[in-house]
Each structure stands twice: as structure tokens, then as C-alpha cells.
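One-letter residues, chain by chain:
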Amino acid sequence: MALPSAVPQLPLLPRLLSWSTWAVIAGLLIISLRETNFRIDDMWGSLVDFVLFFGNFWPPDWQRALPQIWRPLIETLQMAWLGTLFGVLLGTPWLFWSSRNTSPHPVLMWFSRTLMTVMRSIPDLLYAAVLVAILSFGPLPGVVAITIFTLSILAKLGSEYVEAIDPGPIEALKAAGASGTQVIVYGAVPQVAASLLSYIIYIFEVNVRASTVLGFVGAGGIGFLLNRYVALFQYQRIAVLLMVIFVVVIIIDSISAYIRARLT
Amino acid sequence: MIEFRNTQVTYPGGLRALKGVTLEVPKGQFVVVVGLSGAGKSTLIRTVNNLVVPSGGEVLVGGQSVTQARSKALRQMRAEIGMIFQTFNLVKRSTVLRNVLSGRLGQVNPYTSLLGIFSKADLALAHDCLHRVGIPEKAFARADALSGGQQQRVGIARALAQQPKVMLADEPVASLDPPTSHAVLSDLKRIAREDGITTLVNLHFIDLARDYADRIIGMRDGLIVFDGAPEAATNEVFEEIYGRPIDKEKDLRGAA
Amino acid sequence: MASRVRTATPVVVPPLPPQARRTKLWQYLLVLAILGITAACLLTLGNVSWERILSGLERNLPPLWRGLTNPDAAIFSRAFAAMMETMYMAVIGTVIAGVLAVPVAFISAANLVGGNRFALPGRGLLAAIRVFPELLFAIIFVAAVGPGAVAGIMALGINSVGFLGKMFSDIIESIDPGPGEALRATGAGPIHTFSYAVVPQVLPEFASNVLYRFEINLRAASILGLVGAGGIGGLLIQRIQFRRWEEIAMILLVIIAFIVIVDVISSSIRRRLV
């Protein structure tokens, strides 16, 4: 059946690239499966075990789990809040220093960009684990881990926003004799403020999820409780924990979505 | 007031935008620079506040070299030079008042300005500037809610808030329709007259130049090819500047 | 530097209009709320013993610094092998998720098969999956099927289905209905319409999202081992417990190098795709 000429054909290069990407992915997949001795029947066996395993979660043990959960839960939220706040406070100057159009000095720009690339590659749990070894158990390593993670992704995406702004007002402010910082505050910030704020709220959502597990390596919050329950096979309490996490994250996500909708 | 001493500008790609300009502009004069796009007008005007750094020669404002000024000294000199742009260059999401106040940034306390706090005197001045350009009621409107002519007026008010000795205007009316262009230019000239501001304006169109200039400078290919009173700028002179004949009938812009 | 202002005629500064005043009020309240919450957090955060922290810092920082600046080359081959395993985990997890997400996405897209009847529960399921961080899945799966890469791959897979399913759904809902209409007008059946009108429009964006998810999964996979789910994390957690900073430094370098290289390749492909 001949195609009608009304159907637009996408240009050649992107289509070629997307097909070859699929081919590469397929190739990688085959190699990976071979190397890890991953077999489909293995997976199936695990899946069955897996589904049966969930029977252990019922009925959820409310009475014994809930009183144990409150305090660590609050601690989790505190870690997420403080971590995000400090991350934003430290990350905001970084992001302006990493952007080509607002950086006061090219060497500073190169340095902050490289530092951000490196810091961004390390997942937050890794920071948490290392920090627990240095600072000992408790919420502090969690807060620091989240701070570092937040400031590095804020600097990366924030600098992308900043590099896309209209350079006109920046030129005008420089022409009027404003200092570098004044140019940023009056020329760059108003242009990116709304998008940045929306992204920061999104980061907070991500951080709340992350804080729930940081405690698993000792960094405070309900993750620690999770560790204990798993070690003691107290699956019915884990069920309660999962449900609490679910509810809390949904609440925070909804509030966050509401605020972000009002911002734009 | 403004002095160009054999100013030359060569851009990194090799383009020679200014090939040696020597010129003096006395205090209070309203000078219009005309020429084709690419003749060097924008470059010339931007060497006055060092937004473009000359590759040779010097530019002096008020007897002091702008070309050799650095950081703080340069900012202080820029604070006395106001500039308005073809694309207005306002911060669209900020209010008109905030845009005008940002003209004061070179002269206010650096710390309070970062918090957005300006003195009563600065606020009064900003409102006064808006008054002088004719749009006092728009002070709290968002900048992008205004028409093109109004936005340029805000640009003028911002430059005026600097209480400048010199005003630079890079194609200020190129994006505006003819009646609005005349209105904006006449306001600009009136204010320059009232405050004794030395003004340098880039324009495309002959009629506007002849209507408002005290002195016309024609540029072509990076050099000055004409320098004299508007009466002396006949159509033949303009043909020289543009390098091709001007047909009065085909000229879509008439005098207001 | 005092501001020098000459005012020719005294001008009355007009007061702020009510709208501006209300915005200012909200801004003040917001700042106050943030400060308040922060203060509350700082004051009630117990379990922070400053002496323990300071002594911990004193004890640990010097060897940490020494270790970080002298990465141990001996452990490089083990780290490299472990990182390759990590990468394979990420690949399998992402691909399985990519495959599974497609049907789920098509069901959840309101503009195709079935409409809102299926779309809402579909989206709901995907959103529910996205509530949980991958590590949480990993922890549960390790408890369920035992430690090792399988648990990790499953965790990455399920988590990624949640994200890819949503992204794919969004993409499907945003396609141009034009080509589909044009084809149907010629009498083409649903399969032809699908393959020629829908698929070409969504494929490049799907691929781009899969690549992006892969970048994220690679990072996630490197820490799954910390909870026992396979990959380089297992090697790392041992070293951290024994505080062998030189080896940790080398492992971190390997992780960072892999992630940065994958990021760069993936970004350049993605830029050309969409």
C-alpha cells in the first residue's frame, strides 16, 4: 500500500541514529546477559519466589510498628529539608559562577564546572556511607550528603537555565556601571527565578525519597529502622513502614505540584 | 566631552570594524551617526563605554580615558554614561520601577541594593524620571506589558536615572513605527537639552537624522565620510554615505 | 558609597498599589515560614553529639585526605571488573524496563486505545511505583530473592518502568494526530496507522529517554551493592567499613570515570536524536 504524501517523513539523520541506537542497545544487552549469567528461567524462578514472598507482609503490624516510626520519620523529613535548604544556599552562587554568561572569571568558571561534574557523578548514598564513616552515625551525615547532592545538581541544571537567558538586560546593566553581583541579581535572577524555584521544589521531592533510605547505611531517619526490620525478618512491620513512606511521599508530591503549578 | 583618538577596532575574526576614527564631541551636542548596517556605527558607540574594547587608539570621556579604565574605575565612568538599545534590554519580568531603579546600581550602596532596598531619594528620582518621559502611571506594571514605544521610554528613564553626563543610543527607534519614533526622539532631544547631556545616537533613516541632529556624522566601512550640520547633509551626501542612490519616492518613511 | 542625587523638582513617591503590597506580604510570610521551619528542624534534631563528631573528624580526616590523594592502583582491576558488572546490571535493567514500559505507556495514554478508562489506573500504577526510591525496591528484593545482581536488576527494572512509563505516556499524548488522521482517511487499518504514523514520531524521543534513564540507572546501580544487590557497591561497602581510603579513592575514580564517559556519550547521542 503506497503511503499518501500527506504523511510527513522525519529527516534521515535522526531516524538513522535512533535505529542504530536501538541496535547498540540490543548488542549491549546480549553482552550483558552473557556476562552476568543472567538467565530467563533464573528470573522466572525468582519472580515466583518473589510473589510468594509478599505473603509475609500481610497483615501489617500497625500496633508495634507505628510508635517506632514517628520519630525517625520526622528525622527523615528534617534531613531532607535542611539538606535541600543548605544545598540551595550553597548551590546558588555556584550555579552563577559556572555559567558562561554570568561568571566573574573564566578560571573560576572552569573550576566550578569541573567540580560540579565530578560531584554530580557520585550518588547521594555513597556520600552518606562515606560520611557515616567519618562523622559517625546520626542525621548529620545524611544532611551533609543531601546538601552535596543538591548543590551539584542545582549548579548543573541551573547553569543551563542561566546560559539560555536574554543577554540584553545583562549588557544594559553592565553599561550602567553595575558590579558583577548586581548584574546577576538584577539581570539574571529575575529571568530564571521562576524555573529555578520550580526545580528546587522538585529536588526537595527527590530528596525526601532519598532520605528514606539513607538511614540504611546509618545516616539517620527511617532507613535505619528498615535495616533493623530486614535483619530481624519483621516483614509485617516493613509493610507498615512502606505504607507510611507511600503516604508521606504522596502528600509532599501533591503539595509540591500545587506550588509548582502556581509558580508558572 | 567625548574624544576619539585614532580609535580602531578589529574583531577576533579579522573584521576591521573601525579603521581609525578621530573625533571630538563638545558638551551638550546632539550628534546623530548614520550609515549602513556594518558601517561601524554600533562599534563606534560601544567604544565610548568600553563595551567594545578598541584594538588601537583611545576614547576619552570628560578628559579621562575610558579605554584604559579597569574594574572599579570603569564602572564609575560607566555610571555617568547612559545607554539605550534597539531591543530596549529591559528585564521583562520585573516592574517598570525596578527597571528604572537598576540604572542607579552603579552609584548606590552595593549591599542594600542586593536586597532590593533603595533610598527614598533614589525612589523619588526614579519616579521623577518616569514623569519626565511621560509614563508615571506605569511605574508598577510589568515591563513586558508595555508597548514598544513605552518600553523604550522606560529604557530612557533607566538611563536618565543614572543622572548621566553622556547618553548613547544604539538604533533606539529601529523597532518602532514612524510616529512613535518621532515621539521618542523628540523626548530624547528635549531631555538632553534640559540636562545638558552630550548625546550620540545611531540612526538608519535620513529624515529622522535631519530633523533632530545638531550635527550629523556619516560612516562607511569603518571610516567617517561626513561630519557637519544637518543643512549640509544633502541627498547627494547621503548617497555617498550609503554608497548608492536614494530614491525619495521609494523612501517609505516620511517626516511626521 | 552614598548616592548623589539631585532632584530638580520635589516629586511625591506614590505608595505601592494594593496588588504589589499583597505580593510583598506573601513574600515576607514565605521567608518567615522557611526560617521558622528551619529553626524548628535545627533545634529538634537530636542525636547530634558534637564531641563525637569532632573527635571523629580528628581521627578520620587525616587518613581520609592521605588516602584520597593517593589512590591505590592495585585494586584497579577488581574495581574495573565490578564496575563492568554494574554497567551490565544497568543495561539489563534499563532494557527490560524499556520493553515493559511500552505496552504500559500505550495503555496509559489517553489518546489511544481505550481512552481514560485504562489511562487513569495505568497512570496511577506508574505513579505509585515512582513513589519509592530504587534502593527501597532493592532492599526488599534482596530480602525476597537473596543478595546478588538479580535483586538489583529487578529493582532497577521496576523503578525504571515507573519513570519510563510516565515519560513514554507523555510523549504519546503529545504526538501530532495529523499523520494518523491522514492515514485513516486513506483506509489504512489500525496496524498500519500505528506503524507509520505513531511509531516514527515517538521512537526518537523514546530512545532519548531510555538513554537518559540509563545514565541515572548507572549511578543507581553503583550504589545498589551497598545494600547487597550486586555491583561495585559491594566492594565499596567493605572498604568503607575498614576505612581503606586509598582503595576507596581508586574505586571512586573508576565510578566517576565510567559515569562521566557514559554521560558524555549519552548526551551527544541524545542531542542529535531529538
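As the structure is a computational prediction, the values presented were derived from the model and not from experiment.

Trainee: Report on the overall build of chain A, specifying residues and quantitative values.
Mentor: Scanning chain A from N- to C-terminus turns up ten helices and zero strands. Helices and strands in chain A line up, N terminus first, as α-α-α-α-α-α-α-α-α-α. Across chain A, contacts joining residues at least 24 apart in sequence account for 73% of those joining residues at least 6 apart.

Trainee: Talk me through the confidence of the model for chain C; I want residue IDs and the actual numbers.
Mentor: All names here are of chain C. On average, residues of chain C carry a pLDDT of 81, and 92% of them reach 70 or more. Averaged pLDDT values for the elements of chain C fall to 77 in helix 2 (residues 50–69) and rise to 88 in helix 6 (residues 149–173). Here the prediction assigns the complex a pTM of 0.81, and the interface score ipTM is 0.85.

Trainee: Which residues make up the interface of chain A and chain C, and what are the values?
Mentor: Taken together, the contacts link 57 residues of chain A with 57 residues of chain C. Per element, the largest residue contribution to the side of chain A that touches chain C is eleven residues, and it comes from helix 1 (residues 12–35) of chain A. Here the residues of the side of chain A that touches chain C sort into 41 nonpolar, twelve polar and four charged.

Trainee: A description of the interface of chain A and chain B should follow, citing residues and the corresponding values.
Mentor: Taken together, the contacts link 17 residues of chain A with 22 residues of chain B. Where the side of chain A that touches chain B is concerned, the elements lending two or more residues are helix 7 (167–175) and helix 8 (180–214) of chain A. For the side of chain A that touches chain B, the element with the highest residue contribution is helix 8 of chain A, accounting for seven residues. Per-class residue counts for the side of chain A that touches chain B are nine nonpolar, seven polar and one charged.

Trainee: Tell me about the pairing of strand 4 (residues 56–61) of chain B, and name the residues and values.
Mentor: Residue and element names in this part refer to chain B. By the bridge criterion, five bridges tie strand 1 (residues 2–10) to strand 4 in an arrangement that is antiparallel. Across the sheet, the residue bridging to arginine 5 is glutamate 58, located in strand 4. Connecting strand 4 to the antiparallel partner strand 5 (residues 64–65) that follows it, the hairpin turn spans two residues, and glycine 62 within it adopts a positive phi of roughly 60°.

Trainee: Would you mind going over the nonpolar core in detail, with residue names and values included?
Mentor: Counting 212 residues, the largest nonpolar core has Ala138(C) and Ile251(C) as the members making the most contacts within it. In terms of residue count, the dominant contributor to this core is helix 3 (residues 76–108) of chain C (15 residues). Here this core gathers at least three residues from each of two domains, domain 1 (1–80 + 166–242) and domain 2 (89–163) of chain B. Membership of the second largest hydrophobic core comes to five residues, among which are Ala188(C), Tyr196(C), Ala197(C) and Val198(C).

Trainee: Break down the sheet that holds strand 2 (residues 16–25) of chain B for me, citing the residues and quoting the values.
Mentor: If you walk across this open sheet you meet the four strands as 2-1-4-5 (chain B), and the pairing is antiparallel. This sheet does not close on itself; its edge strands, each paired only once, are strand 2 and strand 5 of chain B.

Trainee: Tell me what's going on with the packing of helix 7 (residues 177–185) of chain C against helix 8 (residues 190–224) of chain C, and back it up with residues and numbers.
Mentor: All names here are of chain C. Between helix 7 and helix 8, the least distance of the axes is 9 Å, while the angle of their chain directions is 150°. Taken together, the axis directions place helix 7 and helix 8 in an arrangement best described as roughly antiparallel. For the element pair helix 7 and helix 8, the recorded crossing hand is right-handed. Within the contact between the two elements, helix 7 uses Pro179, Gly180, Leu183 and Arg184 and helix 8 uses His192, Thr193, Tyr196, Ala197 and Val198. Residue composition of the contact of helix 7 with helix 8, grouped by class: five nonpolar, three polar and one charged.

The rules behind these values
Residues numbered from 1 in each chain as written. Chains lettered and ligands numbered in written order. Predicted model: local features only at pLDDT ≥ 70, side-chain atom pairs only at ≥ 80, totals over all residues. Helix = DSSP H or I, 4+ residues; strand = E, 2+ residues; numbered from the N terminus. Contact = placed C-beta atoms within 7 Å. pLDDT = per-residue confidence, 0-100. Nonpolar A, V, L, I, M, F, W, Y, C, P; charged D, E, K, R; others polar. Pairing = 2+ DSSP bridges. Core = buried A, V, L, I, M, F, W, Y, C linked by C-beta atoms within 7 Å. Buried ≥ 20, exposed ≤ 12 C-beta atoms within 10 Å, placed from the backbone. Domains from an automatic or database assignment. Axes fitted to C-alpha atoms, helices over the stretch in contact; angles between N-to-C directions. Parallel < 35°, antiparallel > 145°, perpendicular 65-115°, else oblique. Left-handed = near helix turned anticlockwise from the far one by under 90°.

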